[in-house]
Amino acid sequence: MAADKQSEIKTSRMDENKEKSVDAGLGLEILQIIKESQQQHGLRHGDYQRYRGYCSRRMRRLRKTLGFRMGNRHKFTGKKVTVEMLSDSRYLLVVLMEAERAWSYAMQLKQEANTEPRKRFHLLARLRKAAKHGEHLERLCESPRVDAKTKLEAQAYTAYLTGMVQFELQEWKAAMEAFNKCKTIYEKLASAFTDEQAGLYYQRVEEISPNLRYCAYNIGDQNAINDLMQMRLSAGGSGGMMAEKLETLITQTRAKQAATMSEVEWRGRTVPVKIDKVRIFLLGLADNEAAIAQAANEETKERLYETLLAECRDTIQAVREEIRMDVKARERASDTEGGKVSNLQYLHSYLTYIKLWTVVKRNESMAHTLQAKLKEPQTDENKRGPRPQDLIRLYDIILQSLAELSALQGMEEGHTFQKEVALKTLVYKAYRCFFIAQSYVLVKKWSEALVLYERVLKYAREVQSQAKNLNNSLKDLPDVQELIAEVNAEKYSLQAAAILDKEDVAETPTLPHVKDNKPLSDRLEAFRLDPTLVGKQPNLVEFPPDFQPIPCKPLFFDLALNHVAFPPLDDKVEQKGKGGLTGYIKGIFGFGS
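Residues numbered from 1 in each chain as written. Predicted model: local features only at pLDDT ≥ 70, side-chain atom pairs only at ≥ 80, totals over all residues. Heavy atoms only, no water.

An unreviewed UniProt entry lists the chain under the name Signal recognition particle subunit SRP68, with Alosa alosa given as the organism. Per UniProt, the chain carries the Function (unreviewed entry) text "Component of the signal recognition particle (SRP) complex, a ribonucleoprotein complex that mediates the cotranslational targeting of secretory and membrane proteins to the endoplasmic reticulum (ER). The SRP complex interacts with the signal sequence in nascent secretory and membrane proteins and directs them to the membrane of the ER." (UniProt positions renumbered as here; feature names shortened; annotations may be inferred.)

What follows deals with empty space enclosed by the protein. Scanning the model with the defined rule gives one cavity of 30 Å³ or more in all. There is about 30 Å³ of room inside the largest cavity. Lining of the largest cavity is provided by Glu 29, Gln 32, Glu 153, Gln 197, Leu 200 and Tyr 201. The greatest single-element share of the lining of the largest cavity, amounting to three residues, is contributed by helix α8 (residues 195-219). For the lining of the largest cavity, a count of residues per class yields two nonpolar, two polar and two charged. (1 Å grid on protein atoms, 1.4 Å probe; cavity = no way out; pocket = protein on both sides within 12 Å on 5 of 7 lines; lining within 4 Å. Points joined across faces, edges and corners; volume = space filled by probe spheres on them. Helix = DSSP H or I, 4+ residues; strand = E, 2+ residues; numbered from the N terminus. Nonpolar A, V, L, I, M, F, W, Y, C, P; charged D, E, K, R; others polar.)

Right, let's talk about helix α5 (residues 119-141) for a bit. For α5, spanning 23 residues, the distance from its first C-alpha to its last is 33 Å, which sits close to the expected 33 Å at 1.5 Å a residue. Within the span of α5, buried status applies to Leu 123, Leu 124, Leu 127, Ala 130, Ala 131, His 133, Gly 134, His 136, Leu 137, Glu 138, Leu 140 and Cys 141. Residues of α5 that are buried sit in contact with α2 (30-40), α4 (90-112) and α6 (148-168). (Expected span 1.5 Å × (residues − 1). Buried < 20%, exposed > 50% of the residue type's maximum accessible area, 1.4 Å probe, protein only. Contact = heavy atoms within 4.5 Å.)

Glancing now at the pairing of strand β2 (residues 269-272). A one-sided burial pattern is seen for β2, the buried positions being Arg 269 and Val 271 and the unburied ones Thr 270 and Pro 272. Summarising the sheet, strand β1 (residues 263-266) and β2 pair through four bridges and their orientation is antiparallel. Across the sheet, Glu 263 pairs through a bridge with Pro 272, a residue of β2. Between β1 and the antiparallel strand that follows it, β2, lie two residues; Arg 267 among them carries a positive phi value of about 50°. (Pairing = 2+ DSSP bridges.)

What follows concerns the side chain of Ser 349. With respect to the element layout, Ser 349 can be found in helix α14 (residues 343-375). Judged by its relative accessible area of 2%, Ser 349 is buried.

This brings us to the layout of surface pockets. The computed volume of the second largest pocket comes to approximately 390 Å³. Lining the second largest pocket are 19 residues, with Lys 79, Lys 80, Glu 98, Lys 129 and His 133 positioned closest to its centre. Contributing elements (two or more residues each) for the lining of the second largest pocket: α4 and α5. A per-element tally of the lining of the second largest pocket places α5 first, with six residues. Across the lining of the second largest pocket, the residue classes tally to seven nonpolar, three polar and nine charged.

Applying the stated criterion across every chain yields a total of 17 aromatic pairs. In this structure an aromatic cluster arises from ring pairing among Tyr 395, Tyr 428, Tyr 431, Phe 434, Phe 435 and Tyr 453. (Phe/Tyr/Trp six-rings, centres within 6.5 Å; stacked < 30°, edge-to-face > 60°.)

What follows covers the pattern of salt bridges. Tallying each qualifying case throughout the model produces 13 salt bridges. Lys 149 is the salt-bridge partner of Glu 29, the closest N and O atoms lying 3.0 Å from each other. With Glu 29 in the loop between α1 (2-18) and α2 and Lys 149 in helix α6, this residue pair connects regions lying 120 residues apart in the sequence. The exposure classification of Glu 29 matches that of Lys 149, with both residues buried. Put simply, Glu 364 and Lys 361 hold a salt bridge, and the shortest N to O gap is 3.4 Å. Of this pair, Glu 364 and Lys 361 both sit in helix α14, three residues apart, which is roughly one turn of the helix. (Salt bridge = Lys/Arg side-chain N within 4 Å of Asp/Glu carboxyl O.)

Glancing now at the environment of Phe 281. Position of Phe 281 relative to the elements: it lies in helix α11 (residues 276-293). Taking the relative accessible area as the measure of exposure, Phe 281 reaches 4% and is therefore buried. In the structure, Phe 281 is positioned 70 residues away from Leu 351 in sequence and 9.7 Å away in space, judged by C-alpha atoms. The residues touching Phe 281, leaving out its near neighbours within four places in the chain, are Leu 308, Glu 311, Cys 312, Thr 315, Leu 351 and Ile 354.

Following this line, the structure appears as structure tokens:
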């Protein structure tokens, strides 16, 4: 919060320099002030609530500085800025901040109205309030004290707010008139000032151009939707508010066209379309594919592919929920006669086919880009460039998507469909095998690479033999004939590289290589080339070691015992024998003690 307040103080000081009165009268850079404030206080990330809080704090500071209080802490007394008060351009800035606060609150409510439709009424009230403050600012600028440039900017700003109100009310003609007035004024101002200021005015003109084309479409100009698509293409890979607004307007245009769409035909079967989200998606499918084909660079193409896939996933989810809710349709799908699935399930299969085929085309486009970079010489050695392994991963995803295509519900018995999917699988298998072979070439595994190149030629010949029966199947697929020519060229270069590699090995001086099972510790005096020493089990020492003879521990025998004379014990033996039976009895009864 402290950082935000410091940035607000810096912004206030910068704006004070833009509000200084000049000799011709009071001046206010209206568009520059609001653009810088919006970018610095939340609108760069679409945070309208933060910007509204900034406008409120800015108004409070301005009123405190000018002494323009609305009563006191006990009582509110409403005051309006009048022409007689215009001694300082900051009075005009107060009114401008009031209009910006109301506009930002309306835009915040517009974001929330997607989930809470009741907030749309509050949104219209705040937009009308913002237009009212804009009209008040325009009346104040009509004073002779204000310079001509500020008068024109105030008129353009009021016309913009009025056009926004009429646009939300769907009053297309009135909105178009207001936006045209705003556009005309900003174009005149851009032609009269420097390039830096002109860029700001032209940016505002670009912002209101989608609204103008949408109004023209609703009035009756059928080419307006094409203009909106071209604007989205010119936006490139950049996102932001401009891209979001274009996507919203295109979706609204398609929603209006979707009211006339009732069915769709795919592979000879007509299916009714009752879900609005599916109608909108199918109507925009051709436009999205045309936009992808016309994309100027790969970044734009990738963004358009991601947008199309996201819309397709949302549409499939809507159909799944419809199938889940419709129990009878689910029963019909499981108990069908003759294998015919229900209309909802067939529509789900069609949308899944669109999603999977879009994934195939996107990965193929990415593969072409990587293949072009792979052929370019690498300038920076420290930077990791593309490798054949990256392309293998892309073709793995393609083959996985084709496997899912062949298992679509309702298409198991479609022989023509299954043949087409099998043919496409063979084509992409050939390309995947080709890049696996190139990855083996990089590590100098010549025999493996040569076998894989032969496998590529085998796949390519199978494709050519099967494509005779399916005329239109190779229309959207890579050219197999080019792959065959490239494989033949790679085979010749591979054979040459393998021969040169063998010659390099033959030219190197051969060191004595004798196969010997002796460990290294036993032959340290002689050098021998032993590849096992750098392997996983080098023969360094013999383990466990062999047994060696060692002297035994001596045994000691007592030889002196035969020559020892023991003392006589005859006297002691005789004394013990003299007691007899009498002594024994005395000993028992204790008489001898």
